[in-house]
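Single-letter residue listing:
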Amino acid sequence: MILNILKNRFTLALAGFIDDPESYLDLIRPSQDAKFGDFQANFAMPLAKKLSRVPREVANEIVARLKIDDLCQPPEIAGPGFINLRLRNEFLADMLRKAVNDENRIGVALIEPSKQKTYIVDYSGPNVAKPMHVGHIRSTVIGNALARMLRFQGHRVITDNHLGDWGTQFGMIIYGYRNFLDREFYQKNPVEELSRVYRVVRQKADESNEEIAAAVLAETAKLHAGDVENLKIWNEVLPHSMDEINQIYQRLHISFDYTLGESFYHNKLGDVVDDLLKSGIARETDGAVGVFFDGEEVPMLIRKKDGAFLYGTTDLATIRYRLETFKPDAILYVVDFRQSLHFEHLFKTVRLTGIENIELTHIKFGTVLGEDGKPFKTRSGDTVGLNGLLNEAEKRALEIVRSNDKSGFSETEQLETARRIGIGAIVYADLSQNRESDYVFSYDKMLAMNGNTATYMQYAFARVRSIFVKGNIDIQEIRTKTEKLVLTEPAERALALELLKFGEAIGLALRDYRPNFLTAYLFELANKYSVFFEQCPVLKAADDNLKTSRLLLCDLTARTLQKGLELLGIETVERM
Ligand code: ARG
């Protein structure tokens, strides 16, 4: 959008002046203060240093080479050499018009074909047969938002749910199934009974009951060795546990292109170890096999003494499979920061095998805390189940909907609205954090009508939409009107500029894979709209042209909010 157009103009101006214009373009930024114009280019200083010249002179020279009159007022040079740009209203109005007419992308250009990449996004990946808890929400919603944004930019995106469906938890389940299962209850309520059995065994193993701990390991080993009975139990319990997980995905509107869990790779692990041994990248150590790294004492183990493979072995096999099958340019792993060392080792091993031309990124995130500042738990000290969490959010949202209801919603409408608000609140609360920080889970805060919440954003959207209902206005018809947009009021102009930054906000959110850049943008947009709405009458505008112009700003605001929320995996409501 705007920033890209400006960058192109500066590239042309800098060509022939310096060799590497590209590397300076990041120094063109929105101005912090309107008195410095709308955008500022701050590269005269570093350039002057490089060329051993006076910054202001360099700035003058660049401005002289710059062909930008159709977009901006004549650039001003301030202080030591800041180039201040103020966009022409006609240019802004033109851009807005294009956005209005662009049904699906509201003016956001697709990425250039030469920059399109294939991304694999590895996210969610819960450990099947353990109850899914609040921590899993982070990977799930962050991964989903990133995948949606990348797709919207025009990349090829493959989502893959690397389920933990082959780990020691199955040893526990199998042991529990054999020794503690309440058959009758299991028939009626398999998921609950399996998680009870899991907890029983886990507790006994944790209480350093060595006999049970050993039995669990033995059951896991038997499963991995292809024992028929254990495989039968595995095949029987897996779908039950998947039912529960899928229910959560449905509630969050999440689906994956592939769900290739750890079990999918189990017969490929031997080869991985053999090949790494053969190439000398891995070596034996005390009967086990590990990959050693320069300057590090601890290796990455890929086969234990007893022959068992590890989490890392599976991840190596997974990378190999993904490279062969999907030929990706990048693999993104959205996983808890506590696995940082695992991914460092994994990526180093891949590089040791000579694979360089692929981006491998661990997108880390912090912990969800309770109001007491400790990892979020129920009163009884259990981890909080995800379904219960979503239920509670919907329940509280329903109270809000009922107490605010001026629109005479039917019971069904109330429930549907509460569903969207409740789920949206949880998703947005997570995405609006700097992902690397821990955050405190609070229903009250996430459902607040004011502040940086989904509820506020959904409310802003519904408020914009209500103007069209109130004024009995046909949105489609308004969009076809050809009157020029009017941007004379500062609040109109500020809203217009903000609307045109949507594409940049997505780019910023993807630069370091931080969805909170998009939530921050949407919050800013909603605030700019609020000021506009206070200062600029829409339905009672002075004349028809102005009314149309303002309605178009409203329409574009609503569509941008809606699209932005959709990219985050959040639904809107027409009324609330
Ligand atoms: N199952 C793992 C866990 O719950 C997450 C999997 C992440 N993806 C991966 N390729 N290792 O900790």
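Throughout what follows, the structure given in this document is the object of discussion. Because the structure is a prediction, the values reported are computed rather than measured. (Residues numbered from 1 in each chain as written. Predicted model: local features only at pLDDT ≥ 70, side-chain atom pairs only at ≥ 80, totals over all residues. Heavy atoms only, no water.)

## Side note on the overall build of the protein
Part 1 of the argument: Within the protein, the secondary structure is distributed over 22 helices and 13 strands.
Part 2 of the argument: For the protein, the C-alpha atoms occupy an extent of roughly 80 × 70 × 40 Å along the three principal directions.
Part 3 of the argument: Here the protein holds 576 residues, and the buried ones make up 51% of them.
Part 4 of the argument: Nonlocal contacts in the protein, meaning residues at least 24 apart in sequence, comprise 73% of its contacts between residues at least 6 apart.
Part 5 of the argument: Within the structure as shown, the protein displays about 27,000 Å² of accessible surface, and the carbon and sulfur contribution to it stands at 50%. (Helix = DSSP H or I, 4+ residues; strand = E, 2+ residues; numbered from the N terminus. Buried < 20%, exposed > 50% of the residue type's maximum accessible area, 1.4 Å probe, protein only. Contact = heavy atoms within 4.5 Å. Areas by Shrake-Rupley, 256 points an atom, 1.4 Å probe, with all protein chains shown as cover.)

## A word on the site of the ligand
Part 1 of the argument: Close contacts around the ligand come from Asp122, Gly125, Asn127, His162, Tyr311, Asp315, Tyr333, Val335, Gln339 and Phe343, and that covers them all.
Part 2 of the argument: Between the ligand and the protein, one listed contact pairs a nitrogen atom with a side-chain N or O atom of Asp122 at 2.8 Å.
Part 3 of the argument: Gln339 places a polar side-chain atom, nitrogen or oxygen, 2.7 Å from an oxygen atom of the ligand.
Part 4 of the argument: Relative to its unbound accessible surface of 350 Å², the ligand loses 89% to contact with the protein.
Part 5 of the argument: Going through the elements one at a time, helix H12 (311-326) and strand S10 (330-336) are the ones with two or more residues in the shell around the ligand.
Part 6 of the argument: A per-class count over the shell around the ligand returns 4 nonpolar, 4 polar and 2 charged. (Near = heavy atom within 4 Å. Polar contact = N/O pair within 3.5 Å; in protein donor to acceptor, adjacent residues only side chain to side chain. Nonpolar A, V, L, I, M, F, W, Y, C, P; charged D, E, K, R; others polar.)

## What about the sheet that holds strand S7 (residues 282-285)?
Part 1 of the argument: Strand order across the open sheet formed by 3 strands is S7-S8-S9, with antiparallel pairing between neighbours. The sheet is open, and its two borders are formed by S7 and strand S9 (300-303), each paired with just one other strand. Here the average twist between neighbouring strands, direction ignored, is 40 degrees.
Part 2 of the argument: The pairing of strand S8 (residues 288-291) with S9 spans 3 bridges and is antiparallel. Within S9, the residue paired with Val289 across the bridge is Arg303. (Pairing = 2+ DSSP bridges. Axes fitted to C-alpha atoms, helices over the stretch in contact; angles between N-to-C directions.)

## Description of the side chain of Asn84
Part 1 of the argument: With respect to the secondary-structure elements, Asn84 resides in strand S4 (residues 82-85).
Part 2 of the argument: Here Asn84 falls in the buried class, since its relative accessible area comes to 7%.
Part 3 of the argument: At a separation of 2.8 Å, a polar atom in the side chain of Asn84 contacts the side chain of Gln40.
Part 4 of the argument: If sequence neighbours within four positions are ignored, Asn84 has contacts with Phe36, Phe39, Gln40, Pro75, Glu76 and Ala78.

## Considering the packing of helix H11 (residues 269-278) against H12
Part 1 of the argument: Across the interface, H11 lies against H12 with an axial gap of 9 Å and an inter-helix angle of 90 degrees. Between H11 and H12, the angle is such that the two are roughly perpendicular. Residue-level inspection shows Leu269, Asp271, Val272, Val273, Asp275 and Leu276 of H11 in contact with H12, the latter providing Thr313, Thr314, Leu316, Ala317 and Arg320. (Parallel < 35°, antiparallel > 145°, perpendicular 65-115°, else oblique.)

## A short note on the nonpolar core
Part 1 of the argument: Among the nonpolar cores identified, the biggest contains 162 residues, and Ile2, Phe10 and Leu518 are the most heavily contacted of them.
Part 2 of the argument: Each residue touching Leu518, except ones within four places of it in the same chain, is listed here: Met149, Phe502, Ala505, Ile506, Ala509, Gly564, Leu567 and Leu568.
Part 3 of the argument: Counting residues in each nonpolar core, the second largest holds 28 residues, with Leu269, Phe293, Tyr333 and Phe343 among its members. (Core = buried A, V, L, I, M, F, W, Y, C linked by side-chain atoms within 4.5 Å.)

## Re the packing of aromatic side chains
Part 1 of the argument: Within this structure, the stated rule accounts for 21 aromatic pairs.
Part 2 of the argument: In textbook terms, an aromatic cluster arises when at least three aromatic residues are bridged by ring pairs, as seen for Tyr258, Phe264, Tyr265, Tyr321 and Phe326.
Part 3 of the argument: It is Lys348 that lies over the ring of Phe293; its NZ or CZ is 5.5 Å from the centre. (Phe/Tyr/Trp six-rings, centres within 6.5 Å; stacked < 30°, edge-to-face > 60°. Lys NZ or Arg CZ within 6 Å of the ring centre and 35° of its normal.)

## Points about unusual backbone geometry
Part 1 of the argument: Unlike most non-glycine residues, Asp286 shows phi in positive territory, near 50 degrees.
Part 2 of the argument: The exposure class assigned to Asp286 is exposed, which follows from its relative accessible area of 68%.
Part 3 of the argument: Positive phi values are uncommon outside glycine, yet Lys327 reaches one of about 45 degrees.
Part 4 of the argument: Positionally, Lys327 belongs in the loop between H12 and S10.

## Looking at the sheet that holds S4
Part 1 of the argument: Taken in spatial order, the 4 strands of this open sheet run S1-S2-S4-S3, and their pairing is antiparallel. Edge strands, defined here as strands with exactly one partner in the open sheet, are strand S1 (28-30) and strand S3 (76-78). With strand direction ignored, the average angle separating the axes of adjacent strands in the sheet is 30 degrees.
Part 2 of the argument: Sheet topology places S3 next to S4; 3 bridges connect them, and they run antiparallel. In the sheet register, Ala78 faces S4, and the bridge partner there is Phe82.

## Some details on the pattern of salt bridges
Part 1 of the argument: Evaluation of the coordinates by the stated rule reveals 40 salt bridges.
Part 2 of the argument: With a closest N to O distance of 3.3 Å, Asp20 and Lys50 form a salt bridge. A residue pair is termed long-range when its members are at least 10 positions apart, and Asp20 in the loop between helix H1 (2-14) and S1 and Lys50 in helix H2 (residues 44-51) qualify at 30 residues.
Part 3 of the argument: A relative accessible area of 29% places Asp20 in the partly exposed class.
Part 4 of the argument: In this structure, Glu566 and Lys563 form a salt bridge, with 3.4 Å as the shortest nitrogen-oxygen distance. Residue Glu566 and its partner Lys563 are both found in helix H22 (residues 544-568); the two are separated by 3 residues, about one turn of the helix.
Part 5 of the argument: When salt bridges that share partners are traced, they join Glu392, Lys395, Arg396 and Asp444 into one network. (Salt bridge = Lys/Arg side-chain N within 4 Å of Asp/Glu carboxyl O.)

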